[in-house]
Amino acid sequence: MMAFPKLLARNRLALGGLIVMGLVVVLALITPLLPLADPDVTNTANRFKRPFSEGALLGTDHLGRDLLSRLLWGTRLSLAVGFTAAIAAATLGAAIGIIAGYYGGRIDNIIMRGVDMLMAFPYILLALAIVAALGPGLMNALIAVAAVNIPFFARNIRGITVGIAHKEFIDAARLSGMTDARIILTEVLPNVVPVIVIAISTTIGWMILETAGLSFLGLGSQPPQADLGSMLGEARSALITNPHTSVVPGAMILIIVMAINLLGDGVRDALDPRLKSGALSRPMPTTMVKRTMPVPEAKAETLLALRGLKTQFQVKDRVYKAVGGVDLQVNPGECLGLIGESGSGKSVAALSIMGLVASPPGVITGGAVYYRGEDLIDAPYEKLRSLRGNRIAYIFQDPLATLHPLYTVGDQLIEAVRAHHPFNKTEARAHAIDLLKSVRIPNAEQRVDSYPHEMSGGMRQRVGIAMALANDPEIIIADEPTTALDVTVQAQILSLLDDLRRERGLAIIFITHDFGVVAQVCDRVAVMYAGRIVEEGPTRTILNAPAHPYTARLMACVPELGQGRRELAAIQGLPPVVDKMPKGCAFAERCNKASDACRQANIELVRHGANSLVRCISPETSALEASE
Amino acid sequence: MTTVLKLTNLSKIFPVGKRLFGPPKALVRAVQPLSLSVEEGETLGIVGESGCGKSTLARMLVGLLPPSSGTIEINGEPLDNADPTLFGRKIQYVFQDPISSLNPRKTIRQIMEAPLRHLHNMSAADRGRRIAEIFAAVNLREEFLDRYPHEFSGGQAQRIGIARTLAADARILILDEPVSALDVSVQAQVLNLLANLKDEFGLTYLFISHDLAVVETVSDRVAVLYFGSVVEVGPADEVFSHPKHPYTKLLADSAPVVGRPLKAPEGRATELPNPLNPPDGCAFRVRCAYASDQCGREAPRLEKQSDGVWTACYHPLSGSK
């Protein structure tokens, strides 16, 4: 919450609104203390004095009353009514919304249909009807304005509450023995308050206008009491001859409503977590690149090689080194496993290859990615676009999130093909059906016209794979493609990927956290920890005789089928936070072999045995063992 | 051994496509009538894939969902979920997603105090003492108490979730995928913690998971769920070493294991049956290599096999693997 004033102040317009509004409110508060003429005393001898005339800074109205005095007293009244109406509408509307959203079902249905009926009337008609029924007067105008705005709050808050009422912490509260009333007050309400504040701040200006409108029509404040609306109403007849009588209250309404709206937008932007997390800042088409170090050379001729790749997330004054210098290479037809726990940087490394890390906050700060000897990191956007999905394709974890829900899978496949090939519609459709057949989707001719939600998780992931294959790529980067699937489906998808790789000579970078999966599909495996590779080598060598203590202990704590009930060898502690990396080995804190040497300086990734690399000064296996 | 939890013909039917008047468009039988019992101090593992009804079952057991039919008995008394303060002291629930089960706007202390205050009416001093005891048991530092949930990693948050359940002082815990949202290194920490707590406090667990290997490391007995029905139940080592039901065998063969070559354990295009239009007879028969005409006529019932395992199959696999 400390950040709220800062966030608000960063928005210049909102800050301006805040200052103006503050001035107006202060003026309204100190009005009784100011040496002003009585606002209600008439003096027809002095009627329609011009502004800046003696004794009346803003002139006088048709009854000779001092306009400055009336303006300040009127502002005071209008603000008070507007704020009160807003608070009343918010309280009642939120209460209705929370009750409807929390209980759901029939209660929700009855309440919300009632609210809908209220909304079916034009608001001014409804307000007029309420005032007509209650009789004119400022209090009744206030009630009318509040009542008219209740549906807005009720609907808004109900929507939010429905989302919260199905959260697990509500179930947990119920299991803790809390009653519904207590859950609403202590669990739901604190989560709804920010939304209520946002709704108030964006509607309060509107409510001041509505109150002024009713007073303008003579239904609000009664003469001689001044509010901004009634001042306008009384000045209407002198609009042409003495425009200043309407301009003065009109300008005040303009200033107040503008200031409140600017401030309200600022409050909303500062409070809304979605906007705070950068939903308003559109990510750039490629990741930002700011390389300070010299770019490493491409080594041998390989299909794809990462050299010292560094990717950071720069959030305010903190720098998260998600990828801290990664070297990797993939050869044609090879499957490279990239294994690590969440936060190890494996996905960020993979997304950096094609510049797909969202910027801001992502920045590539060093290293290079060579595709057939060509550096992709500083490649122009057009070059990257022509390679994305064409030569290098991705498969993501959750196919439901990556497929567009409103297009058939066929349309999406056709779009993927036509992005890179000048096929006409019929050719592209035939190709799409072929693709679906190649990933073994039954009845491909019919399934091509299905929507993603009509398919099961396994079938959707097949579509995801078909999409990756659409342009016959050389490299597929598969980011946890089977993690969201059931084991029986996972087995099908893994064997499909393995077959496709062998048929088409694909190179696959397979990102996963599962050693069993790596063992079954990968030729080589690289283990990542805290943004760096700690061990790399042929799958069999690493899985049979892991050299890095992290790999060894991680494997030991994975339960494996067929070993019965037992205690697992857990690794104590947690991985380091990547904005505060230790000086030496990142694993030293959790390692039972750690010595002082491990903590003093950076540990290099060195050759270990015939085909492996390890980043450890006291590996678990000797180099000789690792060569076997 | 006494039976602490007994389910008799428990089922849940969800209406789909509610209409203002008249019956709903369709019914989904999330849990078919099933009967299970759990002995005191035992861990019963419940395995199944997504959509098999395991979470629906768990939510019925803790009173978050009313069952469509059947009864739940705890220590021989029928579960009465009218009063949350009564059943909350008998049976508790550990959630799958540790972060979202903690209210983001409450401190850990407020979260921990809720069950103590509402279920046990403890005084402030007693609450403080009890929280200190529980935090020591789950290896959490007391300085965490004044922080908010977003400051914790998944593993820590799950410990807090477990601590809250312990605060309710129930003897039976329903653990609904308690480690599936955690990384493997943290998963092992939490599984070991659960095993220690069980011995320390004499708890009975119902451990629900889709991960066979995880269930095997914690369970005494296992029930395999498919499409809302128990297809196999028995001692864990028997069920996993000699699966009788073809579905159990398929599950066991599908789990990727280091050192086992990749093979698709079934036809590549098989899909789960549609819950709106379930097949007649055995729900597994469309995926089953041993299916016969008999399987299509009537769903098989659970029957006791030679070694104490109950299987719902007309063609149970012979003991050898």
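For the structure, check the block above.
Every chain begins its residue count from 1, and numbering advances along the sequence as written. Chain letters and ligand numbers both follow the written order, the letters beginning at A and the numbers at 1. Only residues with pLDDT of at least 70 get local features here, since the model is predicted, and only at 80 or more are side-chain atom pairs given and counted; chain-wide, interface and lining totals rely on the full set of residues.

**Student:** Would you mind showing me how to read the sheet that holds strand 1 (residues 3-16) of chain B here?
**Tutor:** Within a sheet, neighbouring strands are paired by backbone hydrogen bonds and run either parallel or antiparallel to one another. All names here are of chain B. Pairing between strands requires that DSSP locate at least two bridges from one strand to the other. Strands are runs of DSSP state E lasting at least 2 residues, helices are runs of H or I lasting at least 4, and numbering of each runs from the N terminus. Overall, antiparallel pairing links the 4 strands, which are arranged 2-1-4-5 in an open sheet. The open sheet has two edge strands, strand 2 (26-39) and strand 5 (77-78), and neither has a second partner. Here 5 bridges tie strand 1 to strand 4 (residues 69-74), and the two strands are oriented antiparallel to one another. Following the sheet pairing, Leu7 is matched in strand 4 by Ile72.

**Student:** Even after reading the chapter, I still don't get helix 9 (residues 246-254) of chain B, so can you show me in this structure?
**Tutor:** Counting along an α-helix, one turn takes 3.6 residues, and residues three or four places apart therefore face a common direction. To sort residues by burial, count the other C-beta atoms lying within 10 Å of each one's C-beta; a count of 20 or more means buried, 12 or fewer means exposed, and anything in between means partly exposed. C-beta atoms are built from the backbone. Most of helix 9 of chain B is tucked away: 7 of the 9 residues are buried. For helix 9 of chain B, the full list of buried residues reads Pro246, Tyr247, Thr248, Leu250, Leu251, Ala252 and Ser254 of chain B. In this description, any two residues whose backbone-derived C-beta atoms lie within 7 Å of each other are considered to be in contact. Where helix 9 of chain B is buried, its residues contact helix 19 (487-504) of chain A together with strand 3 (43-47), helix 7 (212-218), strand 9 (221-226), strand 10 (229-235) and helix 8 (236-241) of chain B.

**Student:** In this structure, what is going on with the sheet that holds strand 7 (residues 392-395) of chain A? I would like to understand it.
**Tutor:** All names here are of chain A. Strand order in this open sheet of 8 strands is 7-8-9-4-10-11-13-12, and the pairing throughout is mixed. Looking at the sheet topology across the chains shown, the edges are occupied by strand 7 and strand 12 (606-608). Strand-to-strand, the axes of this sheet are offset by a mean angle of 25°, without reference to chain direction. Inspection of the sheet shows strand 11 (residues 532-538) paired to strand 13 (residues 612-614) by 2 bridges, in the antiparallel sense. Each residue of the ladder has a partner; that of Glu536, found in strand 13, is Leu613. On the sheet, helix 18 (residues 457-469) packs against strand 7 and strand 8 (475-479) and is oriented at approximately 170° with respect to strand 7. Interaxial angles span 0 to 180 degrees and are taken between N-to-C directions of axes, which are lines fitted to C-alpha atoms, for helices over the stretch in contact.

**Student:** How should unusual backbone geometry be read in this particular structure?
**Tutor:** The phi angle of most residues is negative, glycine excepted, and most peptide bonds adopt the trans form. All names here are of chain A. Cis geometry is adopted by the peptide bond preceding Pro224, which originates at Pro223 and carries an omega value of 5°. Among the structural elements, Pro224 can be located in the loop between helix 8 (180-216) and helix 9 (228-235). Phi angles above zero are rare outside glycine, and Arg372 is one such case at about 50°. Positioned with a positive phi, Arg440 is a non-glycine residue whose angle comes to about 60°. Take Arg440: it is sitting in the loop between helix 16 (425-438) and helix 17 (444-447).

**Student:** Explain the interface of chain A and chain B to me, please; I cannot follow it from the model alone.
**Tutor:** Think of interface size as the accessible area that goes away when the parts come together; that is how it is often given. Contact with chain A, which involves 55 residues of that partner, is made by 61 residues of chain B. When residues of the side of chain A that touches chain B are traced back to their parent elements, those giving at least two are helix 7 (168-175), helix 8, helix 19 and helix 20 (515-521) of chain A. Among the elements that make up the side of chain A that touches chain B, the one with the highest residue count is helix 19 of chain A (9 residues). Residue type decides the class: Asp, Glu, Lys and Arg count as charged, Ala, Val, Leu, Ile, Met, Phe, Trp, Tyr, Cys and Pro as nonpolar, and the leftover types, Gly among them, as polar. Among the residues making up the side of chain A that touches chain B, the classes are represented as 27 nonpolar, 14 polar and 14 charged.

**Student:** What should I look at first to understand the pairing of strand 5 (residues 362-371) of chain A in this one?
**Tutor:** The side chains of a regular strand alternate between the sheet's two faces. All names here are of chain A. Burial runs high along strand 5: 9 of the 10 residues are buried. Strand direction decides the pairing type here: strand 1 (residues 288-289) and strand 5, joined by 2 bridges, are parallel. When the sheet's bridge partners are listed, Met288 is paired in strand 5 with Val363. Alignment of strand 2 (residues 304-315) against strand 5, held across 8 bridges, turns out to be antiparallel. Residue pairing for strand 5: Leu306 is matched across the bridge by Val369. Remark: 2 residues form the turn of the hairpin made by strand 5 and strand 6 (residues 374-375), two consecutive strands paired antiparallel; Arg372 in that turn has positive phi of roughly 50°.

**Student:** Whenever I open this one, the nonpolar core confuses me. Can you help?
**Tutor:** In a soluble, globular protein the nonpolar side chains are often hidden away together inside. If you look at the biggest cluster of nonpolar residues, it comprises 271 residues, and the most contacted ones within it are Leu413, Ala466, Ile509 and Phe510 of chain A together with Ala163 of chain B. Every residue in contact with Leu413 of chain A, bar those within four places of it in the chain, is listed here: Ala432, Leu435, Ala466, Met467 and Ala470 of chain A. Under the definition applied here, buried Ala, Val, Leu, Ile, Met, Phe, Trp, Tyr and Cys residues are grouped into a nonpolar core through C-beta atoms within 7 Å.

**Student:** Could you clarify how one ought to interpret the environment of Ala144 of chain A in this entry?
**Tutor:** Residues and elements named next belong to chain A. Counting through the fold element by element, Ala144 comes out in helix 6 (residues 138-165). Considering only alpha carbons, one finds Ala144 and Leu214, 70 residues apart in sequence, at a separation of 9.3 Å. Setting aside residues no more than four positions away along its own chain, Ala144 makes contact with Ala127, Ile130, Val131 and Leu214.

**Student:** Teacher, can you tell me more about the packing of helix 9 of chain A against helix 10 (residues 244-271) of chain A here?
**Tutor:** How two helices pack is summed up by the angle between their axes together with the distance between the axes. Residues and elements named next belong to chain A. Interaxial distance between helix 9 and helix 10 falls to 8 Å at its minimum, and their mutual angle equals 155°. The orientation of helix 9 with respect to helix 10, classified from their angle, is roughly antiparallel. Seen along the crossing, helix 9 lies across helix 10 with a hand that is left-handed. Contacts between helix 9 and helix 10 pair Leu228, Met231, Leu232 and Ala235 from the former with Thr245, Ser246, Pro249, Gly250, Met252 and Ile253 from the latter. Residues of the contact of helix 9 with helix 10, tallied by class, amount to 7 nonpolar, 3 polar and no charged. Oblique is the label for every angle not falling under 35 degrees (roughly parallel), over 145 degrees (roughly antiparallel), or within 65 to 115 degrees (roughly perpendicular). Here a crossing is taken to be left-handed if its near helix is turned anticlockwise relative to the far helix by less than a right angle, and right-handed if that turn runs clockwise.

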